[in-house]
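Spelled out, the chains give:
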Amino acid sequence: MDGLAPPRRAAAGGRVIEAIKAWAARYAADGRYSPVGQIFHWTMAALILFQLGWGWRMSRIDAGGDKLEAFRVHAELGLLMLVLAALRAIWRMIVPGPVNDADRLGWQTVAAYVTHILFYVCFFGLPLSGWAMWSVVGGEPLEVAGILPWPHMPFDSLDKGFQWWILDWAEGIHALLIILLVAMIPLHVGAALKHHFWDRHDVLRGMLPELPEDGAETTPHDGTPPQARRARAGG
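Every value quoted in this text rests on a predicted model; they were computed, and no experiment measured them. Every chain is numbered on its own, with residues counted from 1 as its sequence reads. Local features in a predicted model are, by the rule used here, given only for residues with pLDDT of at least 70; side-chain atom pairs are given and counted only at 80 or more, and totals for whole chains, interfaces and linings are based on all residues. Each side-chain value is derived from all of the structure's non-hydrogen atoms; neither hydrogens nor water enter the calculation.

Caption draft 1: Up close: the pattern of salt bridges. One speaks of a salt bridge when a side-chain nitrogen belonging to Lys or Arg is within 4 Å of a carboxyl oxygen belonging to Asp or Glu. Taken as a whole and judged by the stated rule, the model has 3 salt bridges. Put simply, Arg-32 and Asp-30 hold a salt bridge, and the shortest N to O gap is 3.5 Å. Asp-30 sits in the buried class, given a relative accessible area of 16%. Across the pair Glu-69 and Arg-72 runs a salt bridge, and its minimum N-O distance is 2.3 Å. Of the two residues, Glu-69 and Arg-72 both sit in helix H3 (residues 65-94), 3 residues apart, roughly one turn of that helix. For the exposure calls, accessible area comes from a 1.4 Å probe over protein chains only, and a residue counts as buried if that area is under 20% of its type's maximum, exposed if over 50%, partly exposed in between. Looking at Glu-69, the relative accessible area reads 38%, which means it is partly exposed. Each helix is a run of DSSP H or I of at least 4 residues and each strand a run of E of at least 2, with the numbering of both proceeding from the N terminus.

Caption draft 2: Quick look at the packing of helix H2 (residues 35-58) against H3. One way to put it is that H2 packs onto H3 with a least axis distance of 10 Å and a crossing angle of 155°. Between H2 and H3, the angle is such that the two are roughly antiparallel. Handedness of the H2/H3 crossing: left-handed. Just so you know the grouping, Ala, Val, Leu, Ile, Met, Phe, Trp, Tyr, Cys and Pro go in nonpolar, Asp, Glu, Lys and Arg go in charged, and all remaining residues, Gly too, go in polar. Class assignment for the residues of the contact of H2 with H3 results in 18 nonpolar, 7 polar and 3 charged. Simply put, an axis is a line fit to the C-alpha atoms, just over the touching stretch for a helix, and the angle between two N-to-C directions goes from 0 to 180 degrees. For classification purposes, angles smaller than 35 degrees are called roughly parallel, those larger than 145 roughly antiparallel, those between 65 and 115 roughly perpendicular, and all remaining angles oblique. For any helix crossing, the convention is left-handed if the near helix is rotated counterclockwise from the far helix by under a right angle, and right-handed if that rotation is clockwise.

Caption draft 3: The packing of aromatic side chains, seen in detail. Side-chain rings of Phe, Tyr and Trp, where Trp is taken by its six-membered ring, are said to pair if the distance between their centres is within 6.5 Å; with planes under 30 degrees apart they count as stacked, over 60 as edge-to-face, and otherwise as tilted. One pass over the structure, following the stated rule, counts 9 aromatic pairs. Where Trp-23 meets Tyr-27, the ring centres are 5.4 Å apart and the plane angle is 70°; that geometry is what we call edge-to-face. Remark: Tyr-27 and Trp-23 occur in helix H1 (residues 5-28); sequence separation between them is 4 residues, near one turn of the helix. Classification of Trp-23 as partly exposed rests on a relative accessible area of 26%.

Caption draft 4: Spatial organisation of helix H4 (residues 107-137). Compared with the 45 Å implied by 1.5 Å per residue over 31 residues, the 44 Å span of H4 between its first and last C-alpha is a close match. Just downstream of H4, Gly-138 is the residue with a positive phi angle, here 70°. In this analysis, the expected span of each helix is defined as 1.5 Å times one less than the number of residues it contains.

Caption draft 5: Molecular detail of the confidence of the model for the chain. Predictor confidence is given residue by residue as pLDDT, running from a minimum of 0 to a maximum of 100. For the chain, per-residue confidence averages 81 on the pLDDT scale, and residues scoring 70 or more make up 79% of the total. Least confident of the elements in the chain is helix H7 (residues 226-233), whose mean pLDDT is 46; most confident is H2, at 93. Throughout residues 214-235 the model reports pLDDT below 50, and contacts reaching past four residues in sequence, or to other chains, amount to 31 contacts. Contacts are assigned to residue pairs with any non-hydrogen atoms lying within 4.5 Å of each other.

Caption draft 6: View of the side chain of Lys-67. Along the chain, Lys-67 turns up in helix H3. No salt bridge forms around the buried Lys-67; measuring N to O, its nearest opposite-charge neighbour Asp-62 is 7.2 Å away. Each residue touching Lys-67, except ones within four places of it in the same chain, is listed here: Met-58, Ser-59, Ile-61 and Asp-62. When charges are counted, neither His nor the chain ends are considered; positive counts come from Lys and Arg and negative counts from Asp and Glu.

Caption draft 7: Highlighting a nonpolar patch on the surface. Residues enter patches when their relative accessible area tops 30% and they take part in no salt bridge; the joining distance is 9 Å for like charges and 5 Å for the nonpolar side chains Val, Leu, Ile, Met, Phe, Trp and Tyr. The Shrake-Rupley method, run with a 1.4 Å probe, gives the accessible areas here. Residue values count only the displayed protein chains as cover. A contiguous nonpolar patch, built from Phe-162, Trp-165, Trp-169 and Ile-173 and spanning about 440 Å² of accessible area, is present on the exposed surface. The residue Trp-165 is located in helix H5 (residues 160-198) in this model.

See below:
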């Protein structure tokens, strides 16, 4: 009987995934991301903006206990971003985003996909490089958002010279990714606002909660009515 347990668990897991896909498909058919996808998006957006502001504040704190505590808060929220980015990537593999107007714009669509990939590079690269820096300097053990214990990277046994080399590279990568992120945020926001207000596309609408009064749908400049877009999204 024990030999049947793994197949049963696999079958149960498959049914759960299919149920999740069916639930999310109702939103995708209307050109929307699921509530879970929306929560991931806006939570990550809030964390990124906070981290950028907190990082700017840290650079202006004099060396000492307050600066070290600010670094610890920054590092632990960065680890939260790392966990959320991994969960979000898994969710997107299970539940792809809806097909909307921005998916049919040629080079603009390609640019949007590249930007999306670069955001994920930042989502993973910034926390990982920050974790590496904290591990090299031997700070206090970290916790994800102050809750889940998180170990240091195993750098203790390495030669000191190699540790300093890791620290130097981690700092450089961290700085470059911050510059990349700061450059992409206004581009991403500007493109979303252009799609919504100028092109009358459904991109921004798809990432917003569905409101009762959200019944007045607009036809984009390409002339595709909303009903046709939903029919295509629903397959």
